[in-house]
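Spelled out, the chains give:
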Amino acid sequence: MLCKSLPNLPPFLSHLLRKAHLLSAPPSTPLKPTDTIWIYDNIAYPSSTSPSSWTAEFISAYFLANSGKGVAEVVADISEKLGLGKGDAAEARIAKRVQAFLDIVIEGRTVEVDFAGQGRITLGPAQGGGVAMNHIPIPGHGYQDGEELISTAVLPSGIDEANVIATMKTRFAGKDGWAVVSDIDDTIKVSHVRDRIALLRYTFALEPQSVDEMPQLYLHLDRVLKPAWYYLSASPYNLYPMLRSFISNNFPQGQLLLREMSWQELESFIVSLTVGTQKYKEKEMERLVKLLPERKWVLIGDSTQKDPEAYATTYKRNPEKVKRIWIRVVEGVNRMEEAMLNSDERFATAFKGVPKEVWRTFKQAGELEALVSEIV
């Protein structure tokens, strides 16, 4: 029997009941003044049904503003683990990032977006995790490959604009050319995934830091290849504001793809970055290749997780499309685990069946700059 609604159910339980067809979807309702909304930067691609039209994947996330309980306790827990004293300047940064993990997600929400003055589109309704993903035709015409436009969400009166991300960039990617998929943690951003305390410090307490020389390499790639950029990470979408700002300030504009997950404790966050990442990334990359089937691809990742294995799988499924795989060898974080993760045997096994000229490992980004011109 299908129930129309059950009040006060936790969001993750509502999601499970709906997947089991035991609970009906909530009615669609427009954004309210008590909400928080994020709209994501994205990539527009040629429509599969009309050669002169464009489509884009629009992602939006909805929360009940400042509804999370126990922020102070979580901040104290993280601060204690990191050895921070009470009143440390990092505590405010921790509180801001933790809030997004604790706020109640909202299902069924929609929002109108003014797309660069060309017309309005509706995003949503949000699904079980408070996230909506919509493939929507782009209003207007005459767009060119590489063009970037800014769009704005139409906000209700009274919403706290300090806590929303209401503007987004859309970059147009034509049928031909290049595309890059880049990991984030320990590929372009220092995270120290294999050290749990350091991971908490770099995720919640510190301003994000770029891996040495990676901004210069990516700007060089952007100038030479003019690719569509996708930043694919196993990090949870709750970190979108911080990661969006980090990429915007240091790297070429692109679409940020993060994992949609629910969190109950800090241990869940840490485990998520190493569990199930290979299948998650393989699925996402296969989807991206289908969106831009005539583009050539460069995949960039690191040795801390399952990037070598996931990228090798993507190559084997698309050998004529994936032209290069570059893996950063991360050292000095967890020497015991690195002995296996960085071993020749690991890479030989992961890339079995992938031509040697397609993949390579590197320690410094400068090693790759001269190789960029070779693949054009």
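Before reading on, note that the structure itself is shown above.
Residues numbered from 1 in each chain as written. Predicted model: local features only at pLDDT ≥ 70, side-chain atom pairs only at ≥ 80, totals over all residues. Heavy atoms only, no water.

## What to know about the pairing of strand β2 (residues 35-39)
Of all five residues that make up β2, five are buried, and the element is covered over most of its length. Here β2 shows two buried faces, one formed by Asp 35, Ile 37 and Ile 39 and the other by Thr 36 and Trp 38. Both β2 and strand β4 (residues 54-64) contribute to a ladder of five bridges, which runs antiparallel. The residue of β4 that forms the bridge with Thr 36 is Phe 63. (Buried < 20%, exposed > 50% of the residue type's maximum accessible area, 1.4 Å probe, protein only. Helix = DSSP H or I, 4+ residues; strand = E, 2+ residues; numbered from the N terminus. Pairing = 2+ DSSP bridges.)

## Some words on helix α2 (residues 71-82)
End to end, α2 covers 16 Å across 12 residues, agreeing with the expected 16 Å (1.5 Å per residue, within 8%). Of the residues making up α2, those classed as buried are Val 71, Val 75, Ile 78, Ser 79 and Leu 82. Buried residues in α2, looked at end-on, bunch into an arc of 100°, giving them a common side. Facing away from the buried side of α2, by more than 90 degrees, are the exposed residues Glu 73 and Glu 80. Looking one or two residues beyond α2, the residue adopting positive phi is Gly 83, at roughly 75°. (Expected span 1.5 Å × (residues − 1). Arc of directions from axis to C-beta.)

## Quick look at the side chain of Arg 97
Following the sequence through the fold, Arg 97 ends up in helix α3 (residues 90-102). Of the residues examined, Arg 97 reaches a relative accessible area of 11% and is grouped as buried. Here Leu 206 takes part through its backbone oxygen, which lies 2.8 Å from a polar atom of the side chain of Arg 97. When sequence neighbours within four positions are dropped, the list of residues in contact with Arg 97 reads Tyr 202, Thr 203, Phe 204, Ala 205, Leu 206, Glu 207, Pro 208 and Met 242. (Polar contact = N/O pair within 3.5 Å; in protein donor to acceptor, adjacent residues only side chain to side chain. Contact = heavy atoms within 4.5 Å.)

## A short note on unusual backbone geometry
Put simply, Gly 124 and Pro 125 share a cis peptide bond, and its omega is 0°. Notably, Ala 116 is not glycine yet its phi reads approximately 50°, a positive angle. On the secondary structure map, Ala 116 appears in the loop between β5 (109-114) and β6 (120-123). In this structure Ala 116 comes out as partly exposed when scored by relative accessible area, which is 27%. The phi dihedral of Glu 213 is positive, around 75°, even though this residue is not glycine. On the accessibility criterion, Glu 213 (35% relative accessible area) is partly exposed.

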